[in-house]
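Summary of the model geometry
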Amino acid sequence: MEHVLIIVGIIVVVAGGASALVVPRLRRGRPGTGHASGQPAGTGAGAGAAGTITADDGAARPPDTDVLPPVPAGQAAGVVERPPPSAGRLVRLRGRLARSQTGFGAVLLGLLSGAKLDDETWDQIEEILITADMGVAPARQLVDRLRTEVKVAGTRDLAEVRALLRADLIEQVDPNLDRALRTEPHGDRPAVVLMVGVNGTGKTTTCGRLARVLIGDGQTVLLGAADTFRAAAADQLQTWGGRVGAAVVRADREGADPASVAFEAVSAGIAAGVDTVIVDTAGRLHTKTGLMDELGKIKRVIEKRATVDEVLLVLDATTGQNGLRQARVFAEAVDVTGIVLTKLDGTAKGGIVVAVQRELGVPVKLVGLGEGPDDLAPFEPAAFVDALLGV
């Protein structure tokens, strides 16, 4: 009898341990299917943070409710949020961008519509564009073209000059680049987004914000905490996931192999049937060759299970030329498919959009325009230029 009880006990323990690795299957598609978008089935509105799966020993971690951001006014604690959709976000946030440029558009328009428009004035206009981080070559090209257009039109009318300047700036930002985020699943396999960049650019925060964008648009998301070298990164990602019901795969110890965590995240995403897996990565100093080798390894390991659809490089828009140097190094290590410019509402200069796109031949796809959880917006060239000019 004692032997029977021992055997039963072992079976119960093993079954209980195995259940810690089970990820509730998420329903694909849009809201209104019985579960909140992005919320694991069976968690319920009052369950709080989403589930966690550890990549190594399978021991589930409790949600980090003690570090959750303040709950918005009027919302009960523990209720999974429904973020707003991404459509029109940049237009709604354009006021912040306009304030950040310290009168960039007003100064340009003032010079262009002034009584005197000689060589010295054109030099001033070129200098303003260069100091806005646009770069010497693009600034000179824009000034030469605008100078010809104003001369041919023979006008100093403010509305006409603004229209000419607006058209030329939009062309410099290049509206023809494909800025669509590839986050749609491939049959039974999720899309995979790899987030890269140095520490301090807002990379982990961008992962969380992007999860909110996708969930707001009706997709299901799983987050992979592959930044195993920064102690708070996994906890931070857990916090973001907990607010919107996105499960998080993390290591059971600090310093674990990042590629293993990324692999387990993608495997869990396949098992759960999510639409998109977003993988955060380490961002130590970009001058360390080891980091670049590591990023290449992570991408190769993920591709054993699924396709890496997006490699998004997160850059701090306030760093100017240093950000461009970072971009070059990362682009050599992995095939960057898009740029995320954060802190564009601070002291950043709008010209960095032109400079980084020319440097990499890769579009800016997302911009961060504030400190709020929903201040990440899809980049729209016309709305961006209108904000710069105060149109």
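Here is a short report on the structure shown in this document.

Criteria and cut-off values
- Residues numbered from 1 in each chain as written.
- Predicted model: local features only at pLDDT ≥ 70, side-chain atom pairs only at ≥ 80, totals over all residues.
- Heavy atoms only, no water.
- Salt bridge = Lys/Arg side-chain N within 4 Å of Asp/Glu carboxyl O.
- Helix = DSSP H or I, 4+ residues; strand = E, 2+ residues; numbered from the N terminus.
- Buried < 20%, exposed > 50% of the residue type's maximum accessible area, 1.4 Å probe, protein only.
- Phe/Tyr/Trp six-rings, centres within 6.5 Å; stacked < 30°, edge-to-face > 60°.
- Axes fitted to C-alpha atoms, helices over the stretch in contact; angles between N-to-C directions.
- Parallel < 35°, antiparallel > 145°, perpendicular 65-115°, else oblique.
- Left-handed = near helix turned anticlockwise from the far one by under 90°.
- Contact = heavy atoms within 4.5 Å.
- Nonpolar A, V, L, I, M, F, W, Y, C, P; charged D, E, K, R; others polar.

It is worth spelling out the pattern of salt bridges at this point. Oppositely charged side chains are able to pair whenever their charged atoms sit close together. Throughout the structure, instances matching the rule amount to 19 salt bridges. When the shortest N-O distance is used, the salt bridge between D374 and R212 registers 2.9 Å. In this pair, D374 is assigned in the loop between β8 (364-368) and β9 (376-378) and R212 in helix α7 (residues 203-216), connecting sequence segments 162 residues apart. Residue E310 pairs with K365 through a salt bridge whose shortest N-O separation is 2.9 Å. Taken together, the residues E310 in strand β6 (residues 308-316) and K365 in strand β8 connect sequence positions 55 residues apart. You'll find E310 and K365 in the same group, each marked buried.

Evaluated as defined, the whole model comprises 1 aromatic pair. A ring pair is formed by F379 and F384, whose centres lie 5.0 Å apart and whose planes are at 55°; its orientation type is tilted. Its relative accessible area of 4% is what places F379 among the buried residues.

This next bit is on the packing of helix α6 (residues 158-173) against helix α13 (residues 381-389). Direction vectors running N to C along α6 and α13 enclose 135°, while the axes themselves pass 9 Å from each other. Taken together, the axis directions place α6 and α13 in an arrangement best described as oblique. In this structure, α6 meets α13 at a crossing whose hand is right-handed. For the pair α6 and α13, the contacting residues are R162, L165, R166, L169, I170 and V173 in the first and P381, A382, F384, V385, D386 and L389 in the second. Across the contact of α6 with α13, the residue classes break down as 9 nonpolar, no polar and 3 charged.

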